[in-house]
Amino acid sequence: YTLLSFLTLPSPSPALRTTPSTRSITTMNAIAFVLTSMQLAILPAWSAETKIYLDVKPANTSMHLESIRMLPLSTFRLSYERSDSNRSARVGVIGSELAAIIPDAVDIVPKRTLPPREKGGKPIVLQNFPSVNEQTLFMYSVGATQELARMLSELEIQSDDQMNQIASMYGEVSQLEQILSASSDGDAELRMREAAAKAEIAKNEMEMEILRAKNEEEYAEAMRASEEEQTRRSEELTLERLKREDEAARLRTKRLLKAKFEASQRIEQTRAEAAEAVAVIEHEQKLLLQKAAEEMKVKTAKAVAIAKAEAERANEDVHLRRLQAESEQRRKRNIAAINAVFTHLSTSLSAAAKNPRQC
């Protein structure tokens, strides 16, 4: 602030400009004093800062001045401020407008949550929000102020020199007028000297116009250089942003492919496990069916054997009964035959006993 106060001192009156570069020398001395004081104050910390800051180069303050000149200031309100609040409108820059002029002063926040406008409402979620980096914007303002101070110093030096030249010329003209009023003998010579002085004044005025035109040309050239630098930086930032977006897209694609590959592997593993489980179940079912079939065969064989045994026992009983019946029939026939033989013998014996002569 001390430095800026020295740089913004009011210009001295024309009466004080009789000495060469009075204000410029004073301003430069003040700046040198302030800078020396600042250097003495921060000298112990410089040794540590050299380890942090790399590739230190002077800033392009003319570009900073042109950027600040083109910067649009706006008044606005924030969406999350209550409608019944008495807060006056804010003054500042919009992030999207600032990015087109000073891309370095805008940070893209991937996700930002703002409070709701009304109490109890839903919060406002913004994606890729352009946030204003006030520190960078302030440093651009400092650079623009330094450029204005430099331009002011140069203009003051030029103005002092020109004013001194004009004062010297007017002094010569005054001397010539005094000589003309004191003596009329050298009128022709004095008129010639007056004409020469006027010509010199006209020449100096022309040189001032040429210098002013040159300054305007240099300013236009600086403007063009600033615009080209701004365009180049904007293109570089755009290319860098596109590169980051392309890298992010490639990373997302890689992650998506990896997720799909892992999902396909899990599906194939699940299918293999399911097929293995089905095969185990089918094998167990086959074993159970084989065991049931074998048990059924055993039971059937046992039943057949039992049936055969029972049938054989039943056949043996029938055979025995048949044999018994046949034996009984033979026995009866034999008994009948024996009875018949005995009956015949008894009859024959009875007859023989009755008629012995016939025997």
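Presented here is an overview of the structure given in this document. (Residues numbered from 1 in each chain as written. Predicted model: local features only at pLDDT ≥ 70, side-chain atom pairs only at ≥ 80, totals over all residues. Heavy atoms only, no water.)

1. Focus on the overall build of the chain
- In terms of regular secondary structure, the chain is built from 6 helices and 4 strands.
- Secondary structure elements of the chain occur, N-terminal to C-terminal, as α-α-α-β-β-α-β-β-α-α.
- By residue count, 14% of the 359 residues in the chain fall in the buried class.
- Relative to all contacts within the chain whose residues are 6 or more apart in sequence, the contacts with residues 24 or more apart total 59%.
- When the accessible surface of the chain is totalled, it reaches about 27,900 Å², and 60% of it is carbon and sulfur. (Helix = DSSP H or I, 4+ residues; strand = E, 2+ residues; numbered from the N terminus. Buried < 20%, exposed > 50% of the residue type's maximum accessible area, 1.4 Å probe, protein only. Contact = heavy atoms within 4.5 Å. Areas by Shrake-Rupley, 256 points an atom, 1.4 Å probe, with all protein chains shown as cover.)

2. Overview of the nonpolar core
- Met63, Leu71, Val93, Leu98, Ile101, Ile102, Ala105, Val106, Leu137 and Tyr140 form the largest nonpolar core, which has 10 residues in total.
- Looking at this core, the elements that each hand over two or more residues are helix 4 (95–101) and helix 5 (134–182).
- Look past the residues within four positions of Val93 in its chain and what remains in contact with it is Leu71, Pro72, Leu73, Phe76, Leu98, Val132 and Leu137.
- Within the second largest apolar cluster, 5 residues are counted, among which are Val173, Leu176, Ala197 and Ile201. (Core = buried A, V, L, I, M, F, W, Y, C linked by side-chain atoms within 4.5 Å.)

3. Concerning the side chain of Gln162
- Position of Gln162 relative to the elements: it lies in helix 5.
- You can call Gln162 buried: its relative accessible area is 16%.
- Ignoring any residue separated from it by four or fewer positions in sequence, one finds Gln162 in contact with Met208 and Leu211.

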